[in-house]
Amino acid sequence: MIAIAVKLLLRNWRSGALRLVVGSLLLAVAVVTSVALLADRVERALTEQSATFLAADLAVRGPNPPPPVWQQWAQQQGLRASRIAAFNSMVYAGDEMHLAAVKAVDDGYPLRGEVVISEQPFSQLAADWQPSRSGPPRGQVWVDSRLLPLLDVALGDTIELGTTELTIGKVVVTEPDRGGSFSLFGARVLMHYQDLEAAAVIQPGSRVRYRFLVAGESVEVARFNQRLSAELSAGDDQHWELITPERAEASIADTVQRGRTFLLLAGSVGVILAGVALALASRQFADGQLAQVALLKCWGVGAGRVRRLYAAQLLLLALLGSAAGLLLGWLFHAALLAVLADYLPASLPAAGGQPWLVGAATGVLALVGFALPALWHLPGLPPLAVLRSDIAGSPLGAAARLAIAAAVAVALLYGYSGNLWISLALLATLAALALLIATLAVVLLRVARSAGNRLGGVWRMAAANLWRARLHSQLQMLGFAAAIALLMVMAVVRGSLIDEWRWQLADDAPNHFLVNVAPYEIEPVKALLAERNLSSAGWFSMVRGRLVEINGAPPPADLKERHESLNRELNLSWSATLPENNQLVAGDWWPADLTLGAGEPIPMSIEVELADELGLQLGDQVTFSIGGLRFSAELVNTRALRWESMTPNFYFLFPEGVLEEFPRSGITSLHIPASEKLVINDLLRRYPTVVVIELDKVISQIQSVVNQVTQGLQMMTGMILLCGVLILYAGVALSMPVRLQQSALLRTLGSSRRTVLRIQAVEFALLGGIAGLIAAIAAELALAAIVEQLFAGGAQLRPWLWLAGPLGGAALVALLGVSYSARSVGVPPLQLLRQLD
Amino acid sequence: MTILQAEQLTKQVAVGGDQLRILDGVDLAVERGASLAIVGASGSGKSTLLGLLAGLDQPSAGRVLLAGADLSGCDEEQRAALRERYVGFVFQSFQLLPSLTALENVALPLELRGQRNAERDAAEFLGRVGLGERLSHYPRQLSGGEQQRVALARAFACRPEVLFADEPTGNLDTVTGRAVDELLFELNQEQGTTLVLVTHEQGLAARCSAQLTLEAGRVVATR
Ligand SMILES: Nc1ncnc2c1ncn2[C@@H]1O[C@H](COP(=O)(O)OP(=O)(O)OP(=O)(O)O)[C@@H](O)[C@H]1O
Ligand SMILES: [Mg+2]
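Only a predicted model underlies this, so the values are computations on that prediction, with no experimental measurement involved. (Residues numbered from 1 in each chain as written. Chains lettered and ligands numbered in written order. Predicted model: local features only at pLDDT ≥ 70, side-chain atom pairs only at ≥ 80, totals over all residues. Heavy atoms only, no water.)

1. Points about the coordination of the magnesium ion (ligand 2)
Reference values for angles at a metal are 109.5 degrees in the four-donor tetrahedral case and 90 or 180 degrees in the six-donor octahedral case.
Residue and element names in this part refer to chain B.
Argument step 1. Within the protein, the magnesium ion (ligand 2) binds to Ser47 (OG) and Gln92 (OE1); these donor distances fall in the range 1.9 to 2.5 Å. Of this pair, Ser47 sits in helix H1 (residues 46-53) while Gln92 sits in the loop between strand S6 (87-90) and helix H3 (102-112), and the two are 45 residues apart along the sequence.
Argument step 2. Residue classification places Ser47 among the partly exposed residues on the basis of a relative accessible area of 28%. (Donors = N, O, S within 2.8 Å, 3.2 Å for Na, K, Ca; no water. Helix = DSSP H or I, 4+ residues; strand = E, 2+ residues; numbered from the N terminus. Buried < 20%, exposed > 50% of the residue type's maximum accessible area, 1.4 Å probe, protein only.)

Spelled out as structure tokens, the structure:
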């Protein structure tokens, strides 16, 4: 039984009837496996880290240096303790510089886990890595590999940080508490806590994130936790936040889960398209099996045995196809990893069994849902079919097949996302989109047909062919339109969108921000700039504080969870007049000469969108905590900002004379022409605590991030395009008998080989052209949404899409289609006619 | 002993609301080891009758007894079992599977029966119909007559009790046709195979032990 099933399968494979079936299956499995593998490995990397995620058993996070008394408490409890300060700062070597993510750690660090270092920059070999139970010694820094080429230095060289010089001792591969957010911008510089003072990079008002870590017996840690919590709440000190490993883990798990769901849902678009191809290919396969089944029935092979024979073949196919799909998926995931390497941890743990299971289950389910229904009627074929070719059994109705396919699609989506609601919503969205595209396709097909009739000749035949098989035409267009639209969107986002955004800025728009300028440095910095004929867009001062109460009560927990701005320090500034580029939305601006009497509420202005999100109304009382001092203000107006103005913008503004006595820093923006770029070096050498944000570099960094991410996405799109090609091939294969007949007929009637080929070329070009047109429409819509969301720019049409879409689609599909269907033309007509009876 | 018997066999089909009577009260009986030729003009119902006798189709009225079993009293599975046991068929349009070689086409029914050495047997029968050199050729690489002979080899190889053949020599030139006739009757002699043939060839019909002439679905003459 199995032996004969294997034999039948091999012969079917040899005849080519199974190639498309297997191809679609392979692709479906490969798409899912690759994304599942990627997600699983990243997830494992993160969870593995999260055990040591804090590098401690408890961490206290806040904006100020941890009070020394905590150290004593920890000692009393018999706990080990450590301090960390993290901030961004410029580092230099010669004329090169980089805004680094600096982390200063003391001798205790890390309390849990290990710092992994290496003497081989960029090495991916675990053999080159050494675990270290401590941070760098004084006078040394350990840095990310990528800092070395950025500064043009090697191990053993020195870099300048603030007012000190530090030697690069090692390359740091990872730290236990690097965090789930793989740093996209600044390269890591790990230094010793006690070098901070000499560097003098931290000034009042600087943005520094401090951590106090403890580790030891869990009972003692709990006791320390209690003591500290009690102390903090007694002092009503909301600047400090206690983080336990569980909390850290939960927040990572959440991010990871969301990422994986997204990836798998994206992959499922590919699976569904592959499923369509699989269904078409299976129909064709079933048609080809009719003769064989009729013969078997005639020879007395019972329906049950026929069913078992085909079930065995399908099972074998599922196993082999899935196995090959898993392998392909693995290769593909390796390619994806290579593209995204910069943003992933250097070493990823091996994947578990689940992704393989997900891939294999996809293979089996896809066959059950998309292939089996097409073959379902075969065992019931009456033996008389062998005598009468008009008997083709009774295939499952379209409605039944659609229902089965939809059920399987939901099952697959549910398996990927673990969320029935998301699965149903996604399927409904896809179905609605498909319906829309299909409708558009049919309208365009009708147009093509009437145009074809007018043009006559080759055009008439081609358009009529498409129209006759319009269901297949629609499906094929669906696949291609989806893939082409995705390609277009990515091409635009990757290149022109960022450029467009950059060029929207005026030539002399500010391209640098100076941040963290101490009050006593402002005048000398101004003087330095004036000396170089550089004018700044005006100076602003700001102080950093937390929002702790709204109308006398702490913000509700759910709002706090949702809104990042309630969990970090905010920039508060002041102005006598409404700043340029700001627009009053509600309320009135305060008079320029406002003087506040004792007990009078302090007025405050908030950016309108933030006020809405926080549920703030005019007249609400908001309380801030600044360096431990509390201070309340009343919301009197809201403003709209123009972020693209490239001048400092503030969410919170107060009148003059309110915040001045708090530790503050200055901020300004200015245009520095490329020829004057060296002024930055002078400035930073003289005022090492000043942070310069070079927008041009930021933009190019964004560009490179977008590039790599779109490269990854493009590979996914490539898979989707392949699914489209499969649908095309499956459609052509299904229509092959009709094509053969038509071609034979045309050729016996005297048409040349070239004419027949031309009809086919025009037919496929029309198909691709219409798909490209639909893709252009879809891409424009998607781009309008993206521009609106990300770049806050106005919508605009991209004429080249409307040209490239239809032309590219036509060329691509014509090439693919003709190359596949041309064999119907090559055969002599006589043989064709003979084969047909 | 009668191996095949038909009583008042009638077949009607609905054609656009009208009842078309293709066969009308056909009676016949064939002894084991005998040979019957069914002749008649094109469209007289020969292939239809053959299909009914072989149990491929159900009559509208009347019954067929094959090896003593009433085919109309059986369900499809039981008929399948009877066909597997007794029946071989050579089709008017060959019904070779285009994706299989000549050898595989002949071996397939043997393999399905789980017969050992299926391919050796198949090769031997292909040799007997003169295609020993064409084993690995596909049907499309064979001429119509060669395809016909492959179909015959396939039927012979199963060594059926009753062989139904629909115009087995219809596509063959006289010489090859003769050779096929010889083969059929050799089988009939050697293995006692009962032959039921539809043919236009007077020579072939004459060699059969009995002959039945159809005209518009009715038996008009027997010999
Ligand atoms: N299912 C059917 N529906 C309609 N007409 C049918 C059906 N089956 C057979 N016929 C008709 O019945 C008649 C007899 O058909 P049959 O194939 O038995 O003829 P035949 O004697 O074998 O002819 P030939 O010598 O050409 O092969 C034909 O006219 C055919 O068109
Ligand atoms: Mg006939």
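2. Concerning the sheet that holds strand S9 (residues 210-215) of chain B
All names here are of chain B.
Argument step 1. Pairing is mixed in the open sheet, where six strands are placed in the order S6-S7-S8-S3-S9-S10. A strand with exactly one partner marks an edge of an open sheet, and here the two such strands are S6 and strand S10 (218-222). Going across the sheet, the axis of each strand differs from the next one's by a mean of 20°, ignoring polarity.
Argument step 2. Along the sheet, helix H6 (residues 174-191) makes contact with strand S3 (35-40), strand S7 (162-166) and strand S8 (194-198), crossing S8 at roughly 155°. (Pairing = 2+ DSSP bridges. Axes fitted to C-alpha atoms, helices over the stretch in contact; angles between N-to-C directions. Contact = heavy atoms within 4.5 Å.)

3. Regarding the interface of chain B and chain A
Argument step 1. The partner chain A presents 27 residues to the 28 residues of chain B that form the contact.
Argument step 2. Both sides of the chain B and chain A interface together cover about 2500 Å² of buried area, and 59% of this is carbon and sulfur.
Argument step 3. Connecting chain B to chain A are four salt bridges.
Argument step 4. The salt bridge involving A:Arg11 is made with B:Glu104; its shortest N-O contact spans 3.7 Å. (Buried area = accessible area lost by both parts, 1.4 Å probe. Salt bridge = Lys/Arg side-chain N within 4 Å of Asp/Glu carboxyl O.)

4. Details of the pairing of strand S16 (residues 603-607) of chain A
Residue and element names in this part refer to chain A.
Argument step 1. With five of its five residues buried, S16 lies for the most part within the structure.
Argument step 2. Residues of S16 alternate between two faces, with Pro603, Ser605 and Glu607 on one and Met604 and Ile606 on the opposite face, all of them buried.
Argument step 3. In the sheet, S16 pairs with strand S18 (residues 629-641) via five bridges, with the strands oriented parallel. Among the inter-strand pairings, Ile606 is bridged to a residue of S18, identified as Thr638.
Argument step 4. Across two bridges, S16 lies against strand S19 (residues 652-654) in antiparallel orientation. Bridging across to S19, Ile606 finds its partner in Phe652.

5. A short note on the nonpolar core
Argument step 1. Formed by 146 residues in total, the largest nonpolar core has its most connected members in B:Leu49, B:Leu53 and B:Phe164.
Argument step 2. Broken down by element, the residue count for this core peaks at 16 residues, all from helix H7 (residues 245-298) of chain A.
Argument step 3. No fewer than three residues from each of domain 1 (1-57 + 252-418) and domain 3 (420-507 + 711-837) of chain A sit in this core.
Argument step 4. Core analysis: the second largest hydrophobic core is formed by 38 residues, B:Ala107, B:Phe125, B:Leu195 and B:Leu197 among them. (Core = buried A, V, L, I, M, F, W, Y, C linked by side-chain atoms within 4.5 Å. Domains from an automatic or database assignment.)

6. Overview of a nonpolar patch on the surface
Residues and elements named next belong to chain A.
Argument step 1. On the surface, a nonpolar cluster with roughly 470 Å² of combined accessible area is contributed by Leu327, Leu328, Trp330, Leu331 and Trp356.
Argument step 2. In terms of residue count, the dominant contributor to the nonpolar patch is helix H8 (residues 303-340) (four residues).
Argument step 3. Summarising the element assignment, Leu331 is placed in helix H8.
Argument step 4. Judged by relative accessible area, which is 46%, Leu331 ranks as partly exposed. (Patch = residues over 30% accessible without salt bridge, like charges linked within 9 Å, V, L, I, M, F, W, Y side chains within 5 Å. Areas by Shrake-Rupley, 256 points an atom, 1.4 Å probe, with all protein chains shown as cover.)

7. Examining the site of ligand 1
Argument step 1. Taken together, 15 residues lie around ligand 1, and B:Ser42, B:Gly43, B:Lys46, B:Ser47 and B:Thr48 are the ones closest in.
Argument step 2. Nearby residues place ligand 1 at the junction of chains A and B.
Argument step 3. Within the backbone of B:Gly45, a nitrogen or oxygen atom sits 3.0 Å from an oxygen atom of ligand 1.
Argument step 4. Relative to its unbound accessible area of 630 Å², ligand 1 is 65% covered by the protein chains.
Argument step 5. Breaking the shell around ligand 1 down by element, the ones donating at least two residues are strand S1 (2-15) and H1 of chain B.
Argument step 6. With three residues, H1(B) is the largest single contributor of residues to the shell around ligand 1.
Argument step 7. In terms of residue class, the shell around ligand 1 is built from four nonpolar, eight polar and three charged. (Near = heavy atom within 4 Å. Polar contact = N/O pair within 3.5 Å; in protein donor to acceptor, adjacent residues only side chain to side chain. Nonpolar A, V, L, I, M, F, W, Y, C, P; charged D, E, K, R; others polar.)

8. A closer look at the pairing of strand S17 (residues 621-626) of chain A
Residues and elements named next belong to chain A.
Argument step 1. Counting buried positions along S17 gives five out of six residues, so the element sits mostly inside the fold.
Argument step 2. Where strand S13 (residues 536-550) and S17 come together, four bridges link them in antiparallel fashion. Directly across from Ile550, in S17, lies its bridge partner Val622.
Argument step 3. When S17 meets S18, the two strands line up antiparallel, connected through six bridges. Bridge pairing links Phe624 to Phe631 in S18.
Argument step 4. Here S17 folds back onto S18 in antiparallel fashion, the turn holding two residues, of which Gly627 has a positive phi close to 50°.

9. Quick notes on the sheet that holds S1(B)
Residue and element names in this part refer to chain B.
Argument step 1. Taken in spatial order, the four strands line up as S2-S1-S4-S5 in an open sheet, and their pairing is antiparallel. Only two strands of the sheet have a single neighbouring strand rather than two, namely strand S2 (18-31) and strand S5 (69-70).
Argument step 2. Relative to strand S4 (residues 61-66), S1 runs antiparallel, the two being bridged by five bridges. Paired with Thr10 across the strands is Ala61, a residue of S4.

10. Brief notes about the packing of helix H1 (residues 2-14) of chain A against H3(B)
The relative placement of two packed helices is expressed as an angle between their axes plus a distance between the axes.
Argument step 1. One way to put it is that H1(A) packs onto H3(B) with a least axis distance of 11 Å and a crossing angle of 155°. Comparing the axis directions of H1(A) and H3(B) gives the class roughly antiparallel. At the point where H1(A) passes H3(B), the crossing takes the left-handed sense. The segment H1(A) lies against H3(B), with A:Ile4, A:Lys7, A:Leu8, A:Arg11 and A:Arg14 engaging B:Glu104, B:Leu108, B:Glu111 and B:Leu112.
Argument step 2. Across the contact of H1(A) with H3(B), the residue classes break down as four nonpolar, no polar and five charged. (Parallel < 35°, antiparallel > 145°, perpendicular 65-115°, else oblique. Left-handed = near helix turned anticlockwise from the far one by under 90°.)

11. Here's the deal with the pattern of salt bridges
Residues and elements named next belong to chain B.
Argument step 1. The final tally for this structure, using the stated rule, is 28 salt bridges over all chains.
Argument step 2. Measuring nitrogen to oxygen at the nearest pair gives 3.0 Å for the salt bridge that ties Glu76 to Arg83.
Argument step 3. The class of Glu76 is partly exposed, set by a relative accessible area of 24%.
Argument step 4. By relative accessible area, which is 1% here, Arg83 ends up buried.
Argument step 5. For Arg128, the salt bridge goes to Glu186, with nearest N and O atoms at 3.0 Å. Of this pair, Arg128 sits in helix H4 (residues 118-128) while Glu186 sits in helix H6, placing them 58 residues apart in sequence.
Argument step 6. Residue classification places Arg128 among the partly exposed residues on the basis of a relative accessible area of 30%.
Argument step 7. Judged by relative accessible area, Glu186 falls into the partly exposed class, the value being 35%.

12. Notes on the side chain of B:Lys11
Residue and element names in this part refer to chain B.
Argument step 1. Take Lys11: it is sitting in strand S1.
Argument step 2. Among the residues examined, Lys11 registers a relative accessible area of 12% and is labelled buried.
Argument step 3. Excluding anything up to four places from it in sequence, Lys11 contacts Leu20, Arg21, Ile22, Leu23, Thr48, Leu52, Asp57, Gln58, Pro59 and Ser60.

13. Concerning H4(B)
Residue and element names in this part refer to chain B.
Argument step 1. For H4, the full list of buried residues reads Ala118, Asp121, Ala122, Phe125 and Leu126. What you see down the axis of H4 is that its buried residues fit within an arc of 135°, all on one side.
Argument step 2. Residues of H4 that are buried make contact with H3 and helix H5 (144-157).
Argument step 3. Within two residues after H4, Gly130 carries a phi angle of roughly 85°, on the positive side. (Arc of directions from axis to C-beta.)

14. Looking at the environment of A:Leu424
Argument step 1. Along the polypeptide, A:Leu424 turns up in helix H11 (residues 420-455).
Argument step 2. With 10 residues separating them along the chain, A:Leu424 and A:Tyr414 place their C-alpha atoms 8.4 Å apart.

15. Details of the environment of B:Thr199
Residue and element names in this part refer to chain B.
Argument step 1. Turning to its location among the elements, Thr199 is positioned in the loop between S8 and helix H7 (202-207).
Argument step 2. Aside from chain neighbours lying at most four places away, what touches Thr199 is Ala37, Ile38, Val39, Leu204 and Ala205.
Argument step 3. At 2.9 Å, the side chain of Thr199 forms a polar contact with the backbone nitrogen of Glu201.

16. Comments concerning the packing of aromatic side chains
Residue and element names in this part refer to chain A.
Argument step 1. Counted by the stated rule, this structure contains 12 aromatic pairs over all chains.
Argument step 2. Between Phe212 and Phe224, the aromatic rings sit 6.3 Å apart at their centres with planes inclined by 35°, giving tilted as the arrangement. A residue pair is termed long-range when its members are at least 10 positions apart, and Phe212 in strand S10 (residues 209-215) and Phe224 in helix H6 (residues 218-234) qualify at 12 residues. Just as Phe212 is buried, Phe224 falls in that class too.
Argument step 3. One aromatic cluster is present, formed by Phe624, Phe631, Phe652, Phe654 and Phe662 through successive ring pairs.
Argument step 4. Lying over the aromatic face of Trp467, Arg470 brings its terminal NZ or CZ to 4.4 Å of the ring centre. (Phe/Tyr/Trp six-rings, centres within 6.5 Å; stacked < 30°, edge-to-face > 60°. Lys NZ or Arg CZ within 6 Å of the ring centre and 35° of its normal.)

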